[in-house]
Amino acid sequence: MEKYYKKEGKYGYYEAGEGIPIVILHGLMGGLSNFDAVANYFSNKGYKIIIPDLPIYTQNILKTNVKSFAIYVKNFINFKKLDRVILLGNSLGGHIALYHTKLFPEKVSGLVITGSSGLYESAMGDSYPKRGDYEYIRKKAEDVFYDPKIATPELVDEVYATVNDRLKLIKTLTIAKSAIRHNMAKDLPKMHVQTCIIWGKNDTVTPPDVADEFHKLLPNSTLYWIDKCGHAAMMEQPEEFNAHLEDWLTHTHLAEH
């Protein structure tokens, strides 16, 4: 993905394709490469795929929260001179996408969430005390996926480095607390944007009943399940993820905007 990576002002982001803008928000431990399959597919299908680096570990601690990240996304969309966008988020990125939509509904033509926080937060804060234990971190990383092999040594090393960096650990826990504080249960029934929910049936981080709850609370939502799939569907079952997303874009006519 490097060849499309751009740095402009305070923003670093990946961009590919031309057409309807889809802005993709990564999760807490997620990198931009988690969305390679989505970006490669849809950038050739009439969409402009934009994946900003979220300032998860680089903002002042007082701005290390879901609301500040949502405002960062709005400022980025304005910076890119985009009118309305489809927002797609995984895990914490889904929560930021939801919160952005609550604050700035006029900027969002469609919303896609997968393994999203915002309703159920045991996902984030309970697993960090054993900082130095590499095996423990490896097991935690593997638990994110249905197929543990997807947690490559590189991915485990990255997570291990993050939780052993004191400042990053503090920020991770700050974000976990912020996610609990910014629970969206009361907001969702008022959010009428077309929403696509794509969920792994074997997600242990945000279990399937979380997807059911999102579906129940969001008035214009469509729920798609992916079998043999954990918390990061776009990485683990990319073809099925893309097929569901394309189906939804076609049925909601967002593909024609």
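Residues numbered from 1 in each chain as written. Predicted model: local features only at pLDDT ≥ 70, side-chain atom pairs only at ≥ 80, totals over all residues. Heavy atoms only, no water.

Looking at an unreviewed UniProt entry, one finds the chain named Alpha/beta hydrolase and attributed to Flavobacterium gilvum.

Colleague: Hey, could you go over the overall build of the chain for me, with residue numbers and the actual values?
Modeller: Within the chain, the secondary structure is distributed over 10 helices and eight strands. The buried share of the chain, reckoned over its 257 residues, is 53%. If you take every contact in the chain between residues at least 6 apart in sequence, the share linking residues at least 24 apart comes to 74%. With an accessible surface of roughly 11,500 Å², the chain has 53% of that area assigned to carbon and sulfur atoms. The chain carries 30 positive and 31 negative side-chain charges, and their two centres are separated by 9 Å. (Helix = DSSP H or I, 4+ residues; strand = E, 2+ residues; numbered from the N terminus. Buried < 20%, exposed > 50% of the residue type's maximum accessible area, 1.4 Å probe, protein only. Contact = heavy atoms within 4.5 Å. Areas by Shrake-Rupley, 256 points an atom, 1.4 Å probe, with all protein chains shown as cover. Lys, Arg positive; Asp, Glu negative; His and termini not counted. Charge placed at Lys NZ, Arg CZ, Asp CG, Glu CD.)

Colleague: Break down the pattern of salt bridges for me, citing the residues and quoting the values.
Modeller: Tallied over the full model, the rule gives 11 salt bridges. Where lysine 45 meets glutamate 246, a salt bridge forms, and the shortest distance between an N and an O atom there is 3.9 Å. One end of the pair, lysine 45, is in the loop between α1 (36-42) and β4 (47-52); the other, glutamate 246, is in helix α10 (residues 238-251), and 201 residues separate them in sequence. Relative accessible area serves as the criterion here: at 25%, glutamate 246 is assigned to the partly exposed category. (Salt bridge = Lys/Arg side-chain N within 4 Å of Asp/Glu carboxyl O.)

Colleague: If you had to explain the nonpolar core to someone new, which residues and values would you point to?
Modeller: Residues Leu87, Leu98, Leu188 and Phe214 are the most contacted members of the largest nonpolar core, which totals 41 residues. Counting only elements with at least two residues in this core, the list comes to β2 (11-16), β3 (20-25), α2 (66-79), β5 (85-90), α3 (92-103), β6 (108-114), β7 (195-200) and α8 (208-217). Examining the composition of this core, we find that seven residues originate from one element, α2, more than from any other. With residues up to four places along the chain from it excluded, the contact list for phenylalanine 214 reads Leu98, Ile113, Ser116, Ser117, Gly118, Leu119, Leu188, Ile197, Trp199 and Ser221. Counting residues in each nonpolar core, the second largest holds 33 residues, with Ala39, Ala151, Ile226 and Phe241 among its members. (Core = buried A, V, L, I, M, F, W, Y, C linked by side-chain atoms within 4.5 Å.)

Colleague: If you had to explain the pairing of β3 to someone new, which residues and values would you point to?
Modeller: With six of its six residues buried, β3 lies for the most part within the structure. Burial along β3 is two-sided: Ile20, Ile22 and Ile24 facing one way and Pro21, Val23 and Leu25 facing the other are all buried. The pairing of β3 with β4 spans four bridges and is classified as parallel. Looking at the pairing, proline 21 lines up with lysine 48 of β4. On the question of chirality, the crossover connecting β3 to the parallel β4 by way of α1 is right-handed. As paired strands, β3 and β5 are joined by four bridges and run parallel to one another. Bridge pairing links isoleucine 24 to leucine 88 in β5. (Pairing = 2+ DSSP bridges. Right-handed = clockwise from strand over helix to strand, strands pointing away.)

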